[in-house]
Amino acid sequence: MSNGILHNKRGLIFGALDERSLAWHVAKRCMDEGARLVLSNVETAIKLGDINMLAEENNLPLLACDVTDTSDIRNLLEKSQELLGGKIDFVLHAVAQSVNLRRHLDYENLNYEYYKKTIDISAVSLHKILKTAMETDAISEGGSVVTLSFIASERYMHGYNDMADAKAMLESIVRQMGAVYGEKCGVRVNAVSQSPTQTKAGGIWKEMNYFYRYTDCLSPLGNADADDCADVCVALFSDLMKKVTMQTIYNDGGFGRTVLTDNMIETLRNSQLGK
Ligand SMILES: NC(=O)c1ccc[n+]([C@@H]2O[C@H](COP(=O)([O-])OP(=O)(O)OC[C@H]3O[C@@H](n4cnc5c(N)ncnc54)[C@H](O)[C@@H]3O)[C@@H](O)[C@H]2O)c1
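A. Main features of the overall build of the protein chain. Along the protein chain, the regular secondary structure elements total 11 helices and seven strands. Over its C-alpha atoms the protein chain spans a radius of gyration of 19 Å, differing by no more than 12% from the 19 Å that the globule rule assigns to 275 residues. For the protein chain, the residues scored as buried account for 44% of the 275 residues in total. In the protein chain, 73% of the contacts between residues at least 6 apart in sequence involve partners at least 24 apart.

B. Region of interest: the site of the ligand. Neighbouring the ligand are 26 residues; S21, A45, T199, A201 and G202 lie closest to it. When contributions to the shell around the ligand are tallied by element, the ones reaching two or more residues are helix 1 (22-32), strand 5 (139-149) and helix 8 (200-203).

C. Representation of the sheet that holds strand 6 (residues 188-194) in the model. Read from one edge to the other, the open sheet built from seven strands follows the order 3-2-1-4-5-6-7, with strand pairing classed as parallel. Each edge of the open sheet is held by one strand with a lone partner, namely strand 3 (62-64) and strand 7 (248-251). If you compare each strand with its neighbour and ignore which way they point, the axes differ by 20 degrees on average. Looking at chain direction, strand 6 and strand 7 are connected through four bridges and run parallel. Bridge pairing in strand 7 links A191 to T248. Contacts between helix 1 and the sheet are confined to strand 1 (10-14), strand 2 (36-41), strand 4 (88-93), strand 5 and strand 6, with strand 1 contributing the most and set at about 165 degrees to the helix. Sheet strands in contact with helix 7 (residues 162-185) are strand 5, strand 6 and strand 7, and its direction is about 155 degrees off that of strand 6.

D. Structural view of the pairing of strand 1. Counting buried residues in strand 1 gives five out of five residues, a clear majority hidden from the surface. Bridge count for strand 1 against strand 2 is five bridges, and the pairing is parallel. Counterpart to F14 in the pairing with strand 2 is S40. For the crossover from strand 1 across helix 1 to strand 2, the handedness is right-handed. Note that strand 1 and strand 4 share four bridges and pair parallel. Across the sheet, residue F14 finds its bridge partner in strand 4, namely H93.

E. Summary view of the environment of T136. Considering the arrangement of structural elements, one finds T136 in the loop between helix 6 (112-135) and strand 5. We classify T136 as partly exposed; it has 14 C-beta atoms within 10 Å. For the pair T136 and R74, spaced 62 residues apart in sequence, the C-alpha to C-alpha distance is 8.0 Å. Those residues in contact with T136, other than ones at most four positions away along the chain, are R74 and L77.

F. Main features of the packing of helix 6 against helix 7. The geometry of helix 6 relative to helix 7 is characterised by a closest axis approach of 9 Å and an angle of 10 degrees between their N-to-C directions. Considering the angle they form, helix 6 stands roughly parallel to helix 7. Contact with helix 6, carried on its side by Y115, T118, I119, S122, A123, L126, H127, L130 and M134, involves D162, M163, D165, A166, M169, L170, I173, M177, Y181, K184 and C185 of helix 7 and no other residues of that element.

Conventions used here
Residues numbered from 1 in each chain as written. Predicted model: local features only at pLDDT ≥ 70, side-chain atom pairs only at ≥ 80, totals over all residues. Helix = DSSP H or I, 4+ residues; strand = E, 2+ residues; numbered from the N terminus. Rg over C-alpha atoms; globule rule 2.2 N^0.38 Å. Buried ≥ 20, exposed ≤ 12 C-beta atoms within 10 Å, placed from the backbone. Contact = placed C-beta atoms within 7 Å. Near = placed C-beta within 6 Å. Pairing = 2+ DSSP bridges. Axes fitted to C-alpha atoms, helices over the stretch in contact; angles between N-to-C directions. Right-handed = clockwise from strand over helix to strand, strands pointing away. Parallel < 35°, antiparallel > 145°, perpendicular 65-115°, else oblique.

Structure, rendered in structure tokens:
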């Protein structure tokens with residue numbers, strides 16, 4: 001359903017890799033709502049992923065940027081404004097990576113160099129983007145920045161590893177930089193805490209399939225999918241939520257507030273556990 005609520009808005013989308021990516025769905029939904037976009041990803045993802053396809057099919061500029069590198073970010077913000085013909089109105093930060101997770105290293109046996117990388121790519125990068133945008137006045141007053149988080153930022157989840165620490169830090173950056181950027185320039189900063197969704201990043205975690213079924217059973221509304229995530233991001237980018245900032249918004253079907261559902265009881269009844 002399209003209402004054109006992002007008509008004439010200029011957006012920068014980080015993190016679309018392939019058509020399962022949350023950022024891919026957000027980009028498409030933003031275009032449906034009338035936004036003009038620049039896409040960005042790290043060089044290797046542009047070479048190995050399908051983002052070129054999204055850019056070509058929709059005639060969108062695609063610029064390389066490693067979000068850990070502030071000079072890359074500065075160039076990207078400058079070029080994006082040139083291409084879009086003015087300041088940026090909204091930014092999606094949909095970026096995460098953990099080599100510890102990819103290599104299945106347990107939390108008590110983390111490799112500290114990988115740990116630093118996880119934090120830098122998945123959390124500090126948001127600080128770098130916001131700081132650089134503030135210094136160069138790249139985002140318009142009333143603009144909106146959204147990052148994507150996960151419930152493991154606040155509750156222990158087996159196997160999510162150092163990414164849980166990164167998400168906790170990411171949500172803290174949302175609050176802290178949200179206050180600073182709001183007061184100084186009227187820019188909003190929020191996180192969307194999304195249900196598990198089957199993407200490349202989501203798939204690295206080896207118990208994903210079990211967890212996906214578990215959260216679906218335990219969410220009164222069921223898991224939120226990538227299109228649901230896109231809807232919430234579009235709402236946050238729009239002027240309809242112009243006083244919402246520094247928040248983590250749970251797009252998780254109620255999972256984070258639930259201990260037991262009928263659906264879960266039924267599932268347990270039908271399993272060996274119920275006998
Ligand atoms: N899939 C899920 O279950 C889920 C749930 C909640 C939150 N999230 C979050 O959503 C965001 C997007 O993940 P996704 O699930 O769509 O997976 P994805 O793998 O499609 O997206 C991750 C993106 O990060 C990019 N990236 C990695 N290192 C980078 C760097 N140095 N510079 C720039 N970009 C870099 C990758 O190229 C990729 O495009 C992540 O923050 C993830 O933690 C995902």
